Amino acid sequence: SPLQNLTQTCTESQLGNVFDFAKTPDNTPLVLRTLCEGAELTQGMVNWASFIFMVIAFALIALYQSQIEIRFNEDQVTVTDYSIVVENPPPDATDPDVWRDFFEQFSEKGVTVVTIALNNEALVRSLAFRRHFRNNLRYHLPPGTDIDNNEILKKAVEKATEARKQKKKTCFGLLCNCTLLPILRIFGLFLKEDQLYERVQKLTPQIQELQTKKYSATKVFVTFETEAGQRNALTALTLSKWDSWSNNKNSVGPSSIFQDTLLKIQEPTEPDAVRWLDLSATTKAKIIQRIITLAITIGLVIASGFSINAARNSSLGVTLSSIVLTLFNLIIPFIVKLLLLIEKHTTEGGRQASLYYKIALFRWVNTAIIPIFISSFTSWIGNDSRDIIITINSVLLSELLLSPTLRLLDIITTYRKHYLAPREKTQRNMNSHFNGTHYNLAERYTDLTKVIFLCFFYSPLFPSIYFYCTAIFIQQYWSDKISLLRIWGHQPLIGPQVSRFSRRFLLPLALTAFAIVASYFYASFPYDNICDPFEPEPGFADKYNDVTFANGTMGSITVTNDDSVVFCQQELVGSLDTGLFIKFPALPIFQPSDAEWMTDSQSTLTTVYGWTSVAALALFVGIVFGGSIFLAFQSVCKNIYEPSTRDQMIDFSGIQDMFGYVPQVKFGGYAYPWLCCDIDDIAEDLVGWNADYDENNLIYDVPYKGMKRRARTGDDSASAEVEEQATSSLEGEKGPIFSIVKHYPPEWYKKNAQKSD
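Presented here is a report on the structure given in the accompanying data block.

The rules we used
- Chains are numbered independently. Their residues run from 1 in the order of the written sequence.
- The predicted origin of the model limits local features to residues at a pLDDT of at least 70 and limits the giving and counting of side-chain atom pairs to 80 or more, whereas totals for whole chains, interfaces and linings rest on all residues.
- As a convention, hydrogens and water are excluded, and side-chain values are obtained from all of the structure's heavy atoms.
- Put simply, DSSP marks the helices as runs of H or I at least four residues long and the strands as runs of E at least two long, and each gets a number from the N terminus on.
- Using a 1.4 Å probe, the Shrake-Rupley method yields the accessible areas, and only the shown protein chains count as cover for residues.
- What makes a salt bridge here is a side-chain nitrogen of Lys or Arg within 4 Å of a carboxyl oxygen of Asp or Glu, nothing more.
- We call a residue buried when its accessible area falls under 20% of the maximum for its residue type, exposed when it is over 50%, and partly exposed in between, using a 1.4 Å probe and counting protein chains only.
- Buried and open spaces are told apart on a 1 Å grid over the protein atoms alone, a cavity being a set of points where a 1.4 Å probe fits but cannot get out and a pocket being an open set with protein on both sides within 12 Å along at least five of seven lines. Residues with an atom within 4 Å of a point are the lining residues.
- Grid points are joined across faces, edges and corners, and a volume is the space filled by probe spheres set on the points.
- Here the nonpolar group is Ala, Val, Leu, Ile, Met, Phe, Trp, Tyr, Cys and Pro; Asp, Glu, Lys and Arg are the charged ones; every other residue, Gly included, is treated as polar.
- Between two residues, a contact is recorded if the distance between any of their heavy atoms is within 4.5 Å.
- To qualify as a nonpolar core, a set must consist of buried Ala, Val, Leu, Ile, Met, Phe, Trp, Tyr and Cys residues joined through side-chain atoms within 4.5 Å.
- Under the rule applied, a polar contact is a pair of N or O atoms within 3.5 Å (in protein, one hydrogen donor and one hydrogen acceptor; residues adjacent in sequence only if both atoms are side-chain atoms).
- For a helix, the expected span equals 1.5 Å multiplied by the number of residues minus one.
- Note that the bend at a residue is defined as the angle between axes fitted to the seven residues ending at it and the seven residues starting at it.
- Within 6.5 Å between ring centres, the rings of Phe, Tyr and Trp (the latter by its six-membered ring) count as paired, and their orientation is classed by plane angle as stacked under 30 degrees, edge-to-face over 60, tilted in between.
- Two strands qualify as a pair provided that DSSP identifies no fewer than 2 bridges between them.

**What to know about the overall build of the protein chain**
Broken down by element type, the protein chain carries 22 helices and 15 strands. Here the protein chain displays about 38,700 Å² of accessible surface, and carbon together with sulfur accounts for 60% of that area.

So, in structure tokens, the structure goes:
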């Protein structure tokens, strides 16, 4: 290899067997020495200049994105510009009129919509699963089966069960029944008709029991008619942390205290990004859940490292390990999504941010850091199939070719559309296969930042990696564009949480890692742990026969270097083999005085990059954490609310396609969400979609005492009879059991609505 040459060292007793390459018949050890000079000042300063360019470029991009975010927010007026959310409403404050009366003091044109979310998650979740199981049960039964008649339903289930048992089973079916299906059925998937019937029968009395409980207000969403109303409320009611903690009622005027409670309010997220089933989760529970999921994610990272190492040591070597690495990068997001079922998030943006940093942690470590840990120090710049540069080259090719191919093929959705959909028995089930592939913005961000991190991490050793990464970014752009337009389904408006987290934390972290890792890479050249002694012994250049190599084979070797060498530890960061240690920053002063390996040019370069890494780390800590710490201390002492955009001077009711905060549940496989509140007193435009609302409303599934009415059917006389029966049983109601939405449209809006009717 042009990077390697053979040289002889001193006696075995001086060197030991630490870096032996071969031994002569008289047990004189021979070692490989790197002859390349990859850490010279001219080469390194080009990389240093690229680092400075990246810092400036990313700073400008972050500034540009911040300005675009504000401009986009001003150009597209949404309900969040008119709304506030009360985080700590009094538990018994479930009358929307009272909330309207309180908040009208902040707006000349009043309050337009009030939504009171209750802590009824258990009830709504049970209703959602009951409906889902009933829909799946209908699929297993003959068309036209009356599933509302329990006697008919039971007989139909028995017949379907008997028919299934008599049906001849294939070998593949038997294998799935014994292995995969029992696991999936734990999560409620692929249940048989008798299992579905049993779950429905079990859920119904549980729901009836939950319907008798009293529920409290957990969040209140108030939408004003003007943006000024929202801003006035936020200015008047946003408290300093100290006033909030100490419940200092003197910090606001008497008119700003609601039922003897200091309200904690803030601007909410978009309506379709509210996770209505998680609003009651406590802060303590959220922290515990995140610690558990983070610990499991770290365990997955460790398991991935062992798997990649095992694949790398197999007969297929780096080819198999790169495939295993790519497959882990594709599979782990699905596992992390399952882990997020443990976590509670009040907004979809918060959930995406949690997903983002977990997947980013895995992919960054999996792609860039694990190869370093599973490779020996002396193989970092070699040309063997298991050396670092060759490994990273294979990873880049895999990211360039394998990942986009699998994404564009979209095998699972294609199978659903072209095989499962034509075989469905109902139109609804068939339509469910054409909703588009679900995707996560967090996952797409991690794909991008993973490549950026990999590029920065290995650019000192592998300068051509910039061209690879450019090609990967181009294919990511086009494959994602095609997927967005042709393959992926609709996703909720989640807000800027993910993009902010990326540009404020992860990208600066990648740049900081760039400077730190580059300083260590340049300091450790030439990666052979060999130094010249002060007084070398000559006379070793010769041809040696019957040499025993490290792998046990024998042969002949020609040594070109006449002088002996000594062992020197060139690692400034210890590995598992040498023991864990770190010398920071990477400077020439950390070389042993009797075994220096750096040239004068390398020493200069290492000094420049070492102190640059210190500055980068200090800048990262100061900007990323310093700003947050300053704002945190500032918020303790005073109200720090300031509007980020201009008031557009447009009334809420005058905007078309403006949605409200209407509680609803999204369940996979269904074209529309399921409402979980009464919408009789609001304009249908506030719901956010157009369909048969009664059919897609959970509150009518299981009748209860105090029910306002039943779901309307096509038979008007039947509907009237059902409604009469329902409204005759209002006695005994403990209070609302479903979230409340009430619309207070302005007079001109009512007149226009009457004319259109």
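**Focus: the pattern of salt bridges**
Two side chains that carry opposite charge are able to pair once their charged atoms sit near each other. In this structure the tally under the stated criterion is 30 salt bridges. Across the pair Lys155 and Glu151 runs a salt bridge, and its minimum N-O distance is 3.8 Å. Residue Lys155 and its partner Glu151 are both found in helix α5 (residues 150–166); the two are separated by four residues, about one turn of the helix. Taking relative accessible area as the criterion, Lys155 reaches 49% and is therefore assigned partly exposed. The partner of Arg164 in a salt bridge is Glu193, with the nearest N and O atoms 2.8 Å apart. In this pair, Arg164 is assigned in helix α5 and Glu193 in helix α8 (residues 193–210), connecting sequence segments 29 residues apart.

**Considerations on empty space enclosed by the protein**
Under the counting rule described, the total for this entry stands at one cavity of 30 Å³ or more. Roughly 70 Å³ of internal volume is contained in the largest cavity. Partitioning the lining of the largest cavity into residue classes produces seven nonpolar, two polar and one charged.

**Quick word on the side chain of Lys337**
Looking at the secondary structure, you find Lys337 in helix α12 (residues 318–339). In this structure Lys337 comes out as buried when scored by relative accessible area, which is 16%. Residues in contact with Lys337, not counting those within four places in the same chain, are Leu355, Asn440 and Glu443.

**Topic: the nonpolar core**
Tyr458, Ile465 and Phe521 are the most contacted members of the largest nonpolar core, which totals 61 residues. With twelve residues, the top contributor of residues to this core is helix α19 (residues 497–523). Ignoring sequence-local partners within four residues, the contact set of Ile465 consists of Ile392, Leu396, Leu454, Cys455, Tyr458 and Ser459. Counting residues in each nonpolar core, the second largest holds 43 residues, with Val220, Val222, Ala233 and Tyr700 among its members.

**Some points on the side chain of Asn697**
With respect to the helices and strands, the residue Asn697 is situated in the loop between β14 (677–678) and α21 (716–727). Within the local environment of Asn697, its side chain forms a polar contact with the backbone oxygen of Cys677, the two atoms lying 2.9 Å apart. A distance of 3.2 Å separates a polar atom in the side chain of Asn697 from the backbone nitrogen of Ile699. Aside from chain neighbours lying at most four places away, what touches Asn697 is Arg131, Leu675, Cys676 and Cys677.

**Some points on helix α14 (residues 388–409)**
End to end, α14 covers 31 Å across 22 residues, agreeing with the expected 32 Å (1.5 Å per residue, within 8%). Along α14, the sharpest kink reaches roughly 35 degrees, centred on Glu399. Of all the positions in α14, only Ile388, Thr391, Ile392, Ser394, Val395, Leu396, Ser398, Glu399, Ser403, Pro404 and Arg407 are classed as buried. Backbone geometry just after α14 places Asp410 at a positive phi near 45 degrees.

**Some thoughts on the packing of aromatic side chains**
Tallying each qualifying case throughout the model produces 39 aromatic pairs. Residues Tyr82 and Phe652 carry aromatic rings whose centres are separated by 5.5 Å and whose planes lie at 65 degrees to one another, so their mutual orientation is edge-to-face. A residue pair is termed long-range when its members are at least 10 positions apart, and Tyr82 in the loop between α2 (41–75) and β4 (83–86) and Phe652 in the loop between α20 (600–637) and β12 (664–665) qualify at 570 residues. No difference in accessibility class separates Tyr82 from Phe652, as the two residues are buried.

**Concerning the pairing of strand β6 (residues 217–224)**
β6 sits mainly inside the fold: eight of its eight residues count as buried. Both β4 and β6 contribute to a ladder of four bridges, which runs antiparallel. Residue pairing for β6: Ser83 is matched across the bridge by Thr223. Examined bridge by bridge, strand β5 (residues 111–118) and β6 share seven bridges and lie antiparallel to one another. Looking across to β6, one finds that Ala117 is bridged to Lys219.

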